[in-house]
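Chain and residue survey
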Amino acid sequence: MVASASKCRVCKEPAIIDLPRHNANFCAEHFLELCRRQVVKAIEKFDMLSKDDNILVAVSGGKDSLAVWDILVDLGYQADGLYIGLGIGDYSDVSGEYAKSFASERGLNLITIDLRAEYGYDIPTAAKATRRVPCSACGTSKRHLFDKAALDGGYTVLVTGHNLDDEAAVLFGNTLRWDVEYLSRQLPVLPARNGFPKKVKPLIRLTEREMAAWCIVRGIDYLVDECPMAVGNKHLAYKAALNAIEQQSSGAKASFYLNFLDNMAPLLAGRSAAATDELGTCTSCGAPTTSDLCAFCRTAEKARAHEPVPVELVLSRGRRRR
Ligand code: Q46
Ligand code: ZN
Ligand code: ZN
């Protein structure tokens, strides 16, 4: 991770990681301190959390969601986890094990939901039944179930592990299309409103690489493999493009996203307020929606009516299309 002769910027002991965007190297202790400081900075700047909050962390078993849960508990927040079994073959089975081990080893409370057992469908089947890309059916399902679990469980805020790379990639995609509606909603805090819980992203100042390093230093085992259904996802292409730019110009990714929040997001604030005022109620589940049935109930209805589809079939069809 770092040249062997490198020294920590703070204590001059041997460094374990170089962070070109900070133009510095850090030992394990001072790297963890930097990560905590970046999270505190994000929380304070955007008024994300207070110590009185009852927090629910959306946990996938990957590095980012386990790291954010670990950091919040480390900082003294009260936080439970929520894991959703999406039925994506071995990937889901293994990711669930990582989430459960993390929680049980630390005595933390993890709520689990199994999509097929509790809602009668899984993501590969939903993708086939709705003829949408898997991440679209998956995002609809996860958003609904995260919101519902947070509201039903009396949690005051829902935390996700989106990091700087994730948010910069989404911003890149929204900017390439000049999608003003999405740009206006791309904030690290969404307040509670119209039947939605408050949602926050405390990792926006930290990169994927930094979160992987946090997990290694803290001894957190996480699922390294990407979701097999993400293959061909534009989000991955945007991340690769930003990484190429970052290679040439350290700090470009952070300034692209963080300066958007400072300089551009305030100008778009009126657009997002206007876009959220016209919600009705889903006739099936009561969730907020713009039509009779919410997107989750429409997805679930179609997927339940379809025979179960193994993940391999969806992946092989995707490969043939390309
Ligand atoms: S789990 Fe679901 Fe992700 Fe897999 S299908 Fe796509 S959205 S990639 S974070
Ligand atoms: Zn040090
Ligand atoms: Zn519904």
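The following paragraphs examine the structure supplied in this document. (Residues numbered from 1 in each chain as written. Chains lettered and ligands numbered in written order. Predicted model: local features only at pLDDT ≥ 70, side-chain atom pairs only at ≥ 80, totals over all residues. Heavy atoms only, no water.)

Here we look at the overall build of the protein chain
On a plain count of helices and strands, the protein chain comes out with 13 helices and 10 strands. What you see for the protein chain is a C-alpha radius of gyration of 20 Å, in line with the 20 Å of a compact globule of 322 residues. Taken along its principal axes, the extent of the C-alpha atoms in the protein chain is 60 × 45 × 45 Å. Looking at the 322 residues of the protein chain, the share that counts as buried comes to 49%. Residue pairs in contact within the protein chain that sit at least 24 positions apart in sequence constitute 69% of those at least 6 positions apart. Surface summary for the protein chain: the accessible area is close to 15,800 Å², and the carbon and sulfur share equals 51%. Put simply, the protein chain has 40 plus and 39 minus side-chain charges, and the middle of one group is 6 Å from the middle of the other. (Helix = DSSP H or I, 4+ residues; strand = E, 2+ residues; numbered from the N terminus. Rg over C-alpha atoms; globule rule 2.2 N^0.38 Å. Buried < 20%, exposed > 50% of the residue type's maximum accessible area, 1.4 Å probe, protein only. Contact = heavy atoms within 4.5 Å. Areas by Shrake-Rupley, 256 points an atom, 1.4 Å probe, with all protein chains shown as cover. Lys, Arg positive; Asp, Glu negative; His and termini not counted. Charge placed at Lys NZ, Arg CZ, Asp CG, Glu CD.)

Section: the site of ligand 1
L86, C135, C138, K142, C227, M229 and A230 make up every residue found near ligand 1. Per-class residue counts for the shell around ligand 1 are 6 nonpolar, no polar and 1 charged. (Near = heavy atom within 4 Å. Nonpolar A, V, L, I, M, F, W, Y, C, P; charged D, E, K, R; others polar.)

Some remarks on unusual backbone geometry
One non-glycine residue, R131, lies in the positive phi region at around 55°. Considering the arrangement of structural elements, one finds R131 in the loop between α5 (123-130) and α6 (134-152). Classification of R131 by relative accessible area gives exposed; the value is 79%.

Topic: the environment of Q78
Structurally, Q78 can be placed in the loop between α2 (63-74) and β4 (79-85). On a C-alpha basis, the gap between Q78 and I16 in space is 30 Å, while along the polypeptide they are 62 residues apart. When sequence neighbours within four positions are dropped, the list of residues in contact with Q78 reads D53, N54 and I55. A polar contact is formed between the side chain of Q78 and the side chain of D80, at a distance of 3.5 Å. (Polar contact = N/O pair within 3.5 Å; in protein donor to acceptor, adjacent residues only side chain to side chain.)

Re the coordination of the zinc ion (ligand 2)
Coordination of the zinc ion (ligand 2) by the protein is provided by C8 (SG), C11 (SG), C27 (SG) and H30 (ND1), with metal-donor distances spanning 2.0 to 2.3 Å. Its 4 donor atoms give the zinc ion (ligand 2) angles of 97 to 114° at the centre, a pattern that matches the tetrahedral case. The sequence pattern formed by the donor residues of the zinc ion (ligand 2) is C-x2-C-x15-C-x2-H. Note that C8 is positioned in the segment before β1 (17-19) and H30 in helix α1 (residues 28-45), a separation of 22 residues in sequence. By the burial criterion, C8 is buried, and H30 matches it. (Donors = N, O, S within 2.8 Å, 3.2 Å for Na, K, Ca; no water. Tetrahedral: all angles 85-135°; square planar, octahedral: opposite > 155°, others 65-115°.)

Considerations on helix α10 (residues 234-248)
Compared with an ideal rise of 1.5 Å per residue, which puts 15 residues at 21 Å, α10 spans 22 Å between its outermost C-alpha atoms and is within 8% of the ideal. Three or more residues of α10 are buried, namely Y238, K239, L242 and E246. Seen from one end, α10 has its buried residues packed into an arc of 100°, which puts them on one side. Of the residues in α10, the exposed ones pointing more than 90 degrees away from the buried face are K234, Q247 and Q248. (Expected span 1.5 Å × (residues − 1). Arc of directions from axis to C-beta.)

Quick look at the coordination of the zinc ion (ligand 3)
Working reference: metal with six octahedral donors, ideal angles 90 or 180 degrees; metal with four tetrahedral donors, ideal angle 109.5 degrees. Surrounding the zinc ion (ligand 3) are the protein donor atoms C282 (SG), C285 (SG), C294 (SG) and C297 (SG), which sit 2.2 to 2.3 Å from the metal. Taken together, the 4 donor atoms coordinating the zinc ion (ligand 3) and their angles of 107 to 113° define a geometry best described as tetrahedral. Taken in chain order, the donor set of the zinc ion (ligand 3) reads C-x2-C-x8-C-x2-C. We classify C294 as buried; its relative accessible area is 4%.

Remarks on the side chain of S6
Structurally, S6 is set in the segment before β1. Every residue in contact with S6, bar those within four places of it in the chain, is listed here: E13, P14, A15 and N25.

Focus: the sheet that holds strand β7 (residues 189-190)
The strand order across the open sheet formed by 6 strands is β5-β4-β3-β6-β8-β7, and the pairing between neighbours is mixed. Both outer strands of the open sheet, β5 (110-114) and β7, are each paired with one neighbouring strand and no more. Where strand β3 (residues 55-59) lies against β4, 5 bridges are found, and the strand directions are parallel. Opposite V57, over in β4, you have G81 as the bridge partner. Set on the sheet, α2 makes contact with β3, β4, β5 and β6 (157-159); between it and β3 the angle comes to about 155°. Packing against the sheet, α6 makes contact with β3, β4, β5, β6 and β8 (198-200), and its axis sits at approximately 145° to β4. (Pairing = 2+ DSSP bridges. Axes fitted to C-alpha atoms, helices over the stretch in contact; angles between N-to-C directions.)

Re the nonpolar core
Counting 56 residues, the largest nonpolar core has F31, L49, I55, V57, L72 and W214 as its most contacted members. Other than its neighbours up to four places away in sequence, L49 contacts I43, I55, L72, Y77, V157, V159 and V200. Counting residues in hydrophobic clusters, the runner-up holds 32 residues, among them I88, I113, A137 and C138. (Core = buried A, V, L, I, M, F, W, Y, C linked by side-chain atoms within 4.5 Å.)

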